[in-house]
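Read off the chains here:
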Amino acid sequence: MPGSLEGRYIRLEIISGKNIKVPSLRIPAGIHVSVNLDSSRRWKSTIGVLSSDESITWRDSVTLYMFIQTFRRNSRTDLVFVDHQMRSPTLSVEIRASFELDCMLGNGEVVGKLDKSWDELLDHGNEPFDISFPSVHSSLTLKATVLHDCDYQDSALPDSIVECQIAQDTDAGHERFATYVTSETVSHLNDAAKHFQLVLDQCPVGHPHRAAALTNLAWARLEGYIQNDFQDIDSITSLFREALALRPQGHPDHPLSIYNLLKALIWRYSKENFAVVYIQECAQLSCKLLPLCPEGTYLGSIAAGANGVDYVIRSCNNLPIDASDEGIHLRRVVLELCPLGSAHRPKALDNLAQAVEARFDQRGTIEDLAESIQHKREAVSLCPEGHSERDTYLNNLAYALRSRFDHQGNSDDLNEAISLYEEALRLCPVGHKYRNTSLDNLGAALWTRFNQRGDVNDIIRSITLQREALTLRPPGNPYRVNTLNILAVALQARYEKLDISRRPFDSAKSRWRLYLHCTRVDISAMGGCSKPICLVTECKHNSADLSLAVENFRLASRHPTQGFPGRIKEAIDWTRNAEVYQHDSTLEAYQTCLELFDNHVMTRSTIISRREAATAFRNAQSLPVDAASCAIRRDDLRRAIELVEQGRGQQWSLASRLRPPLEDLKLASPELAHRLSEINERLSDAQGSAGSTDRAAADRAAIYYRRLQEQWGAVVAEIRNLKGFSRFLLPLSYEDLQAAARHGPVIILVASQYSCSAIVVPTSGKPHHVQFPRVNLTHLEKLKSDFAREIRLASFMRPEETRKELQVLLRTIWDEIMLPIVIVLQRDLRVTSGSRIWLCPTATFTSIPLHAAHPFRTKTDGRRELCLEDVYICSYTPTLSALIRSRQTMKKRVTSVIRRNRTKFTGELELVRKLVPATANSTTLSGDDATRAGALDALQHNTWVHLACHGKQDREQPYYSCFAMKDKPLTKDIPHAEFAFLSACHTAVGDEETPDEVIHLAAGLQFSGFKSVIGTLWVVNDAVAKHVVEAFYKKIVKGLEDSDMMDCTKAAWALNRATNAVKTKVPLEQRMVFIHIGWGKKYNPSALPQPQ
């Protein structure tokens, strides 16, 4: 045999793999193939991502150099010598799972291992071939090709094997962990944990492999927790959390790190009594994870599978309905996890709908109910005929529509609800477990429609359905009381409609008594309050029934599990029925109503939503004045004042809590004063004027707002524990409110459906009642309408024409309202002519120009009878509290004069500029400078303002009322100042829907800090208004020396004198349009004519 040396280069291509299963059952980041030539050289393929079908594609290759054995025979000895030999007769091929994509720690977990000879690899020519790993049933598709010298220059070559200690320990840990999973021998798990702990100890903070080391140790411990061999789940989740923190958004291993933490929390939730907090976090993590898992990947399929996100969805869908903002946010997250086509989507939609509807029941936000209906409609659309839960979703949608009908009165909602209830009942035949619910729902809806339309067929069918439902709800059934309720009122309604016999009515009465007994005994166990309507036709003859009814009203309005809207409705019904029957609890009912309203409004995080809360209840706008009237009729004038003050101006009162005077508190506890001030600022920033259209964002904002509220309440509670601060920010008592009358009496005019009268709050002593014998609410409403008509007609008249009809109306005000008040002021309180008085009108009185009351008569001797402005200097105040706040320390700087650059305002502004003394350092903003930003900047540095621009009063959304600037409207967010003259239209006109909220531009400026404001009640004629403006400023600066400052406390007196001075130049309706609001000093009685 001749001697020779031969060698070949072989390209080994790793094409794909199938049925790749990881022995430890961990989810791999990827799979790679390792080819070991011998103990010193190894090649690793790229890490490929495993597909959902457990297959993978690499198409990676390596070039291997193979030595061929050659032999030489010695002819003399006949022996054969081997000159060269291959390094190894076989190759070791391994499939390994990597748990890192970015920076791999160790070589990964062995999935399968197989030894192959060179000949076996080269036996397939240049065609792909499969090799199988029998022990794990995995397979690889390979291709081996012999290369020529020129073909291998750029090919990858094997690397030398140099293993560091942490890699060796990691591989050992993977091997022991996989062995534990297959053998369930705890010692193997302990060994794995020890190896992984050794690795972590060698990977301090900042080490590139720390995240991998944390994850490996956490998985070993989690497996022990699952098998009850390890208990410290807190340390496990902490390890996963730290690893996730080291792999932020964008890191290749971020998705897998989310899944790892998710898996740990799922196990914790299932093993620790299903604590909601863990599944809530699981839902949040799932929402982050799914978009990061490409479709078709193994991680994506496992994450979304039965033990991953699918489990999270099912668990969340089975949670009780939670109406909190946090609970609703969770429902939104779950719905996001259920795209169209998901079997869980109908349930997720229905759960979110019920949660927001429950929040509507608690807070009364109509957007919540609209959203609930929207989701329930989609849920019904996803459950066609034949779907097992269609009847449930039909009933739920109908219930929401009926709730909206109850709230808004749209009959289309009620008719649709009945149609849906009809379909649901058809899907619940006799024997169906939910037939009783469908019968009850449809019967109640038909009874409601009967009350609306009076169709006898509706009430007859309602009774039939309720009777069948009652048979399916025997004694002991928790819903039997509801059926008794509806059946009783239905029988009563049929009796009143048809009057066919006494028997149905007696049946109704007996069922009422049974119903009332059930609600009285079981109300705490019912999870809510049932409506205690029990004042049936003969109730007034039965004091026991009446007392039982009142007690049920009391329980219902205070029930802790019922939302504010439901409790408020019960309290309103209590007040109305207590008034009808003159019950002793009437005042208590009113007080309960006002407290519930206050708490309800406080839950709203936006200004607009607070107004919505205040207007959501039918016939509730009159509660403050009705409460005051009730107290007046019981001769409790102090209580009347307290109630009307508490109930009126809730919006301003709520906002004023964020601006309390803290001087005294700073002396008592600087730390609490600082904390409260800080929270007030954050609350003020958190509340907006309009809600976000993004419901999820709105929920997050509401959550933040309510958490701040809780902090605010806790701090205020601490403050009230301080000596002398027990009533801090609580409704003011009469003694506190009387401070408003320090410089002159305040007259509160109460316009209630039960009585119309006035209460005079004197400077000291007890309040005085002024009756209006010939005035009721109907008269006042007509007077208001007549004034609106005559003011409108007067705008078409020539200035010199006499406003006869307007004079008749002002004479009525004088004779019927203001003269009785003046008599009490002069006769009983000895209030001299020329003194200051303040009018605090309520309800319809706010739309009547009380300050302009005038007899328009002459005496027998030819002299004119004096009018109100001849006798007293009259101002208005929206509330007593507002007047008290306006009397804080005055500032010393004066003014900015602001207008838009319009020709008709030029003369007025020039006139004001000339009249204001030079010491005022006035600033005029006109033309392009008269912008919102310019105005606000000027108001930061000045304390007087004259606004010669148009004011817009938004009747539907009064919080959008504003002053028109050059660019953007100027709203009421204005810094503290002293005086404002609003020479603009409609600046002192209130809100039609909430007349007692005194929401108008002038009152808003007073709340913002202005001590004294002059505003207008209706459209101002710019041509004649400047006569009043000129006369006013001449009076206000009269007698000033060069160094003197203008005094805003003279504003009311100056306006009084100005309107009197221009009688011959300005028509009546343009003189009486101006009113003064806010503070002013007492004046010398000689300043005005003495009464004749």
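Please refer to the structure placed before this passage.
Residues numbered from 1 in each chain as written. Predicted model: local features only at pLDDT ≥ 70, side-chain atom pairs only at ≥ 80, totals over all residues. Heavy atoms only, no water.

J.: Lay out the nonpolar core in plain terms, naming residues and giving numbers.
T.: Counting residues in hydrophobic clusters, the biggest one holds 125 residues, and the most contacted among them are L140 and L222. Ranked by residues supplied to this core, first place goes to helix α4 (residues 210–226) with 10 residues. With near-sequence residues (within four places) excluded, L140 lies in contact with S16, G17, V33, W58, V93, I95, F129, D130, I131 and F133. Listed in part, the 109 residues of the second largest apolar core include L623, L839, Y872 and W944. (Core = buried A, V, L, I, M, F, W, Y, C linked by side-chain atoms within 4.5 Å. Buried < 20%, exposed > 50% of the residue type's maximum accessible area, 1.4 Å probe, protein only. Helix = DSSP H or I, 4+ residues; strand = E, 2+ residues; numbered from the N terminus. Contact = heavy atoms within 4.5 Å.)

J.: Report on the side chain of T586, specifying residues and quantitative values.
T.: Relative to the helices and strands, T586 resides in helix α21 (residues 586–602). Sequence-distant contacts of T586, defined by excluding residues within four places in its chain, comprise A578, E579, C630 and R634.

J.: Break down the packing of helix α30 (residues 777–794) against helix α31 (residues 804–828) for me, citing the residues and quoting the values.
T.: For the pair α30 and α31, interaxial distance at closest approach is 9 Å and the crossing angle is 150 degrees. In terms of orientation, α30 and α31 fall into the roughly antiparallel class. Crossing of α30 against α31: the hand is left-handed. Each of L780, L783, D786, F787, E790 and I791 in α30 lies in contact with α31, whose residues at this interface are E805, L806, L809, L810, T812, I813 and I817. Of the residues in the contact of α30 with α31, the class split is 9 nonpolar, 1 polar and 3 charged. (Axes fitted to C-alpha atoms, helices over the stretch in contact; angles between N-to-C directions. Parallel < 35°, antiparallel > 145°, perpendicular 65-115°, else oblique. Left-handed = near helix turned anticlockwise from the far one by under 90°. Nonpolar A, V, L, I, M, F, W, Y, C, P; charged D, E, K, R; others polar.)

J.: Go over the pairing of strand β9 (residues 129–133), please, and point to the residues and values.
T.: In β9, alternate side chains face the same way, and those of F129, I131 and F133 are buried while those of D130 and S132 on the opposite face are not. Strand direction decides the pairing type here: β9 and strand β10 (residues 138–147), joined by 5 bridges, are antiparallel. Within the sheet, the bridge partner assigned to F133 lies in β10 and is S138. Hairpin remark: β9 followed by β10, antiparallel, with 4 residues in the connecting loop; positive phi at H137, about 65 degrees. (Pairing = 2+ DSSP bridges.)

J.: Break down the side chain of N260 for me, citing the residues and quoting the values.
T.: Residue placement: N260 occurs in helix α6 (residues 254–271). Beyond its immediate stretch of four places on either side in the chain, N260 contacts T215, W219 and F240.

J.: Can you explain the pattern of salt bridges? Please cite residues and give values.
T.: Evaluation of the coordinates by the stated rule reveals 45 salt bridges. Between E272 and R268 there is a salt bridge, with the nearest N and O atoms lying 3.4 Å from each other. Here E272 falls in the partly exposed class, since its relative accessible area comes to 27%. Among the residues examined, R268 registers a relative accessible area of 10% and is labelled buried. In this structure, the salt-bridge partner of R675 is E671, at a minimum N-O distance of 3.2 Å. Here E671 and R675 lie together in helix α27 (residues 670–686), a separation of 4 residues that amounts to about one turn. Residue classification places E671 among the partly exposed positions, given a relative accessible area of 44%. Through salt bridges with shared partners, a single network forms among E551, R554, R558 and E588. (Salt bridge = Lys/Arg side-chain N within 4 Å of Asp/Glu carboxyl O.)

J.: Kindly report on helix α37 (residues 1022–1037), identifying the contributing residues and their values.
T.: Working note: α-helix, 3.6 residues per turn, so residues spaced by three or four point in the same direction. Its 16 residues place the ends of α37 23 Å apart at the C-alpha level, agreeing with the 22 Å of an ideal helix rising 1.5 Å per residue. Among all positions of α37, only D1022, V1024, A1025, V1028, V1029, A1031, F1032, Y1033, I1036 and V1037 are buried. Of the residues one or two after α37, G1039 is the one with positive phi, at around 85 degrees. (Expected span 1.5 Å × (residues − 1).)

That's the geometry; what it means functionally is another story.
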